[in-house]
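Overview (structure and organization)
Below are the chains, spelled out letter by letter.
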Amino acid sequence: MKKPYLIFLTILTVLFSSCQIDRSGLPKTINNSNLYGTWYLKTELIAGSSAGTAPTSYVLHNFNQNDFYKFNTDYTLNFSSSSPPIAYTTYYTFLTTDNGQTLNIGSGPGKHTGAAYIVNKLTRDSLILFNAVTANDVSGVIYTTNTTLMFAH
Amino acid sequence: MNYLLKISFLIVSICVITIGAKAQIGYNFSQYDVGIAAGINRVYGDAETFTNTPSAHFNFNYNATPFVNYVFEIQTGQLKGGNSLTTVSGRQFVNNFTSVMLRGQVQAGEIIDYSQSHIANAFKNLYLSTGIGFVVNHLTKVNRNSILLPGFYTPGMNNSNEILIPARIGYEFKVFNEYNESNFKIDIGYQYNFILGDGLDGYTVGNKNDGYSQFTLGIKFAIGSAITSYRKQIFY
């Protein structure tokens, strides 16, 4: 008499354990509560280089309370910049990829294109993002620009 | 006088036989039912969120016994899932599906003695069922490009046919008439359809096949007369 109940329980277990989303093909999102909140831009390092010329670099500190990224839990990002003055809401994704942890930021209005950053550091009070862009200039010379953004609350 | 006795004996015998036949009430069942049902469906696939959707079911039943049934069923309805705006993958779909399946169904009454226990009698209509079928997928809406993650694209087909394996657990309330024959049934059940493919949601990705679950409520009507007799009393 115990056998039918055993079969019954096995079938029930199989039925209900099947009710799952296939997550194997999804982007590997990171849920890190340290990211959420407003991060004010404090420092921007720009290093440029191209074949045959000496590398150049700049360090910018002239940011204020209008230069920030605000990461919300619903994948929206409030972007604000003082120069040029603009503010808009876009989307972001925080993922694990072959390059490490990457933060993809969606585009804004006009020429404000999105960007993909490698997250070099994320703690409760520090966020450092890195981005490398390689392109051809108007004369066909290949140049690379490395940008590092340092944020704090 | 002898002739009168014989006639009297014959009449009494017929009466006794009739009484005996009366005692068989509760054994007979109809071998064929037709039924309709409504279902609430949910897809377990590659999209990140669930949406419950309705479906309509039509079935024809051959009852080998009151508790062993073969069900041919056609289902049609909509399957939905995902959210293109709030999920990272951006997957969202609407599938106007049609499925056809043949199931064998065994109710507890076939294997337990329910004549001596009220609890066993209540459980006699509990059943398990499985079989084989196929589903025709017609995706009327499908979002493949992610908004949150530009460049993330999920491939797949908008139209496909796939084999399915249904697994069902349910309860069939048998409503008996004045002759204790069940000519009307209410069927409530939970069914999971294992799809032997990955196209139910229009996305071919990942390493698991799709599936969809169903909660169903239906009614079945006996067709033809209840002339087939079961080996034990059905109604208690």
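Numbering of residues starts from 1 in every chain and runs along the sequence as written. By the order in which they are written, chains take letters starting at A while ligands take numbers starting at 1. Note on the predicted model: pLDDT of at least 70 is required for a residue's local features to be given, and 80 or more for side-chain atom pairs to be given and counted; whole-chain, interface and lining totals, by contrast, use all residues.

1. Quick look at the overall build of chain B
For chain B, the count of helices and strands is 2 helices and 11 strands. To qualify as a helix, a DSSP run of H or I must reach at least 4 residues; to qualify as a strand, a run of E must reach at least 2; elements of each kind are numbered from the N terminus. Written out in order from the N terminus, the α and β elements of chain B read α-β-β-β-β-β-β-α-β-β-β-β-β. Throughout, radius of gyration means the C-alpha value; the globule benchmark is 2.2 Å times the number of residues raised to the power 0.38. Its C-alpha atoms give chain B a radius of gyration of 25 Å, clearly above 18 Å, the size a compact globule of 236 residues would have. Taking the principal axes of the C-alpha coordinates as reference, chain B spans close to 105 × 30 × 25 Å. Here chain B, with 236 residues, has 37% of them falling under the buried criterion. Contact between two residues is assigned whenever their backbone-derived C-beta positions fall within 7 Å. In chain B, of all internal contacts separated by at least 6 residues, the share reaching a separation of at least 24 is 71%. Three classes are used. A residue is buried when 20 or more other C-beta atoms lie within 10 Å of its own, exposed when 12 or fewer do, and partly exposed in between, with C-beta atoms placed from the backbone.

2. What about the interface of chain B and chain A?
Counting residues at the interface gives 24 residues for chain B and 21 residues for chain A. Secondary-structure elements contributing two or more residues to the side of chain B that touches chain A are strand S8 (159–176), strand S9 (182–195) and strand S10 (211–223) of chain B. Any residue outside Ala, Val, Leu, Ile, Met, Phe, Trp, Tyr, Cys, Pro, Asp, Glu, Lys and Arg is labelled polar, Gly included; the first ten of those are nonpolar and the last four are charged. Each residue belonging to the side of chain B that touches chain A can be placed in one class, and the counts come to 14 nonpolar, 7 polar and 3 charged.

3. As for the confidence of the model for chain A
The share of residues in chain A with pLDDT of 70 or more is 97%, and the mean pLDDT across the chain is 88. Element-level mean pLDDT values for chain A span from 73 in helix H1 (residues 2–17) of chain A up to 96 in strand S3 (residues 68–71) of chain A. pLDDT: the predictor's confidence for each residue, scored from 0 to 100.

4. Considering the nonpolar core
Among buried residues, those of type Ala, Val, Leu, Ile, Met, Phe, Trp, Tyr and Cys that are joined through C-beta atoms within 7 Å form a set called a nonpolar core. Residues Trp39, Tyr69, Tyr92, Leu103, Leu129 and Phe151 of chain A together with Leu148 of chain B are the most contacted members of the largest nonpolar core, which totals 19 residues. When contributions to this core are tallied by element, the ones reaching two or more residues are strand S1 (37–50), S3, strand S5 (85–97), strand S6 (100–105), strand S8 (127–136) and strand S9 (142–152) of chain A.

5. Focus on the confidence of the model for chain B
Residues and elements named next belong to chain B. For chain B, per-residue confidence averages 90 on the pLDDT scale, and residues scoring 70 or more make up 92% of the total. Here residues 18–23 is modelled with pLDDT under 50, and outside its nearest four sequence neighbours on either side it reaches 0 contacts, counting other chains as well. Our summary of model confidence lists the complex with pTM equal to 0.78 and ipTM equal to 0.72.

6. Notes on the pairing of strand S2 (residues 32–44) of chain B
Residue and element names in this part refer to chain B. DSSP bridges decide pairing: two strands pair if at least two such bridges lie between them. Bridge count between S2 and S10: 13 bridges; the pairing is antiparallel. In the strand pairing of S10, Ile36 is matched with Ile219. Pairing between S2 and strand S4 (residues 53–65): 10 bridges, direction antiparallel. Bridging from a neighbouring strand, Tyr32 pairs with Tyr62 of S4.

7. Quick notes on the pairing of S3 of chain A
All names here are of chain A. In the sheet, S1 pairs with S3 via 4 bridges, with the strands oriented antiparallel. Across the sheet, the residue bridging to Gly37 is Phe71, located in S3. Across 4 bridges, S3 lies against strand S4 (residues 76–82) in antiparallel orientation. Note on S4: the bridge partner recorded for Tyr69 is Phe79. Hairpin connection from S3 to S4: 4 residues lie between these consecutive antiparallel strands, with Tyr75 at a positive phi of about 70 degrees.

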